Amino acid sequence: MARAGLTADRVVEAAADLADEVGFENVTLSALARRFGVKDASLYSHVKNLQDLRTRVALLASGEMIDGIAIAIAGRAGKDALVAFAGAYRTYALAHPGRYAATHTPVDPAVGAASDAFRRTAEITYGMLHAYGLSEPDLTDAVRLLRSTFHGFCALEAIGGFHAARDVQTSWERALDGLHTALEHWPRSEQQTEEKEEDHA
């Protein structure tokens, strides 16, 4: 029987909070049950198992993150949108380390395909890059470059991995300058070049 007051949403939110405190990889059903003062079995009325819980936290965190990004880039385009997008991404990653880690956990493709958070993330990210005149397959390559750069920088910053005297914020801003330049002068793939030639034929 489900314990009064417990809901799936409350369980997942508590798991996300716990992830920020102790690390996503350290979230367990036992630790979560102790937080609520219940036995482990009480949680199985709300989540199937640990993998289900982690998937739900990943979806929650992805939704929170893209909501913040959407607000940041509203009404912006080009470099302004890139800088706002990156800033919101970095802010969330550093403020919510456990939730952020959850956004990188593998999710069943069927679950991901049905996720509004995942859909909006793709739409907003690809939409921002469309403003640079990119289309497939260059769009996907550019998305991977941005994701790798943002994640790598934030992951190193979170563990104090930058030791040089150079100001970290300045390095972040210069990295975004570099990304903007790269996107503006993106080397077009053979496929995209052929499409442009056909458009002007």
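Here's what I pulled together on the structure shown here. Counting from 1, residues in each chain are numbered in the order their sequence is written. Local features in this predicted model are restricted to residues of pLDDT 70 or higher, and side-chain atom pairs are both shown and tallied only at a pLDDT of 80 or more, whereas totals for entire chains, interfaces and linings draw on every residue. Heavy atoms from the whole structure form the basis of all side-chain values; hydrogens and water molecules are not counted.

## Remarks on a nonpolar patch on the surface
The condition is simple: Patch definition: residues with relative accessible area over 30% and no salt bridge; like charges joined within 9 Å; nonpolar side chains (Val, Leu, Ile, Met, Phe, Trp, Tyr) joined within 5 Å. For the accessible areas, the method is Shrake-Rupley and the probe is 1.4 Å, while residue cover comes only from the protein chains on display. Criterion for a salt bridge: a side-chain nitrogen of Lys or Arg within 4 Å of a carboxyl oxygen of Asp or Glu. Secondary structure follows DSSP: runs of H or I at least 4 residues long count as helices, runs of E at least 2 residues long count as strands, and numbering of each begins at the N terminus.
Residues Leu156, Ile159 and Phe162 make up a contiguous nonpolar surface patch of about 290 Å² in total accessible area. Among the structural elements, Leu156 can be located in helix α9 (residues 138–158).

## Overview of the layout of surface pockets
Rule in force here: A 1.4 Å probe that fits into a set of points on a 1 Å grid over the protein atoms alone but cannot get out defines a cavity; an open set with protein on both sides within 12 Å along at least five of seven lines defines a pocket, and lining residues are those with an atom within 4 Å of a point. Grid points are joined across faces, edges and corners, and a volume is the space filled by probe spheres set on the points.
Put simply, the largest pocket is a space of about 690 Å³. Along its surface, the largest pocket is lined by 21 residues, and Thr103, Thr121, Thr125, Val143 and Arg147 are the ones closest to its centre. Elements with a minimum of two residues in the lining of the largest pocket: α4 (50–73), α5 (78–95), α8 (116–130) and α9.

## Regarding the packing of helix α1 (residues 8–22) against helix α2 (residues 29–36)
What counts here: Lines are fitted to the C-alpha atoms to define the axes, a helix being fitted only along its stretch in contact, and any angle between axes, read from their N-to-C directions, falls within 0 to 180 degrees. Under this scheme an angle from 65 to 115 degrees is roughly perpendicular, one under 35 degrees roughly parallel, and one over 145 degrees roughly antiparallel; angles in between are oblique. The contact definition used throughout considers only heavy atoms, calling two residues in contact when any of these lie within 4.5 Å. Residues were grouped as follows: Ala, Val, Leu, Ile, Met, Phe, Trp, Tyr, Cys and Pro as nonpolar; Asp, Glu, Lys and Arg as charged; and all remaining residues, including Gly, as polar.
Contact geometry of α1 with α2 gives a least axis separation of 10 Å together with a crossing angle of 110°. If you check the angle between α1 and α2, you find them roughly perpendicular. Within the contact between the two elements, α1 uses Arg10, Val11, Ala14, Ala15, Asp17, Leu18 and Glu21 and α2 uses Ala31, Leu32, Arg35 and Phe36. Classifying every residue of the contact of α1 with α2 by side-chain character gives 7 nonpolar, no polar and 4 charged.

## Observations regarding α1
As a reminder of what qualifies: Expected span of a helix, by definition, is 1.5 Å for each gap between consecutive residues, and there is one gap fewer than residues. Only protein chains enter the accessibility calculation, which uses a 1.4 Å probe; a residue is then buried when its area is under 20% of its type maximum, exposed when over 50%, and partly exposed in between.
Look at α1: 21 Å from first C-alpha to last across 15 residues, which is about the 21 Å you get at 1.5 Å a residue. Along α1, the residues that are buried comprise Val11, Val12, Ala14, Ala15, Ala16, Leu18 and Ala19. Along its buried surface, α1 packs onto α2, α3 (40–43), α4 and α6 (97–102). Positive phi appears at Gly23, one or two residues downstream of α1, with a value of about 100°.

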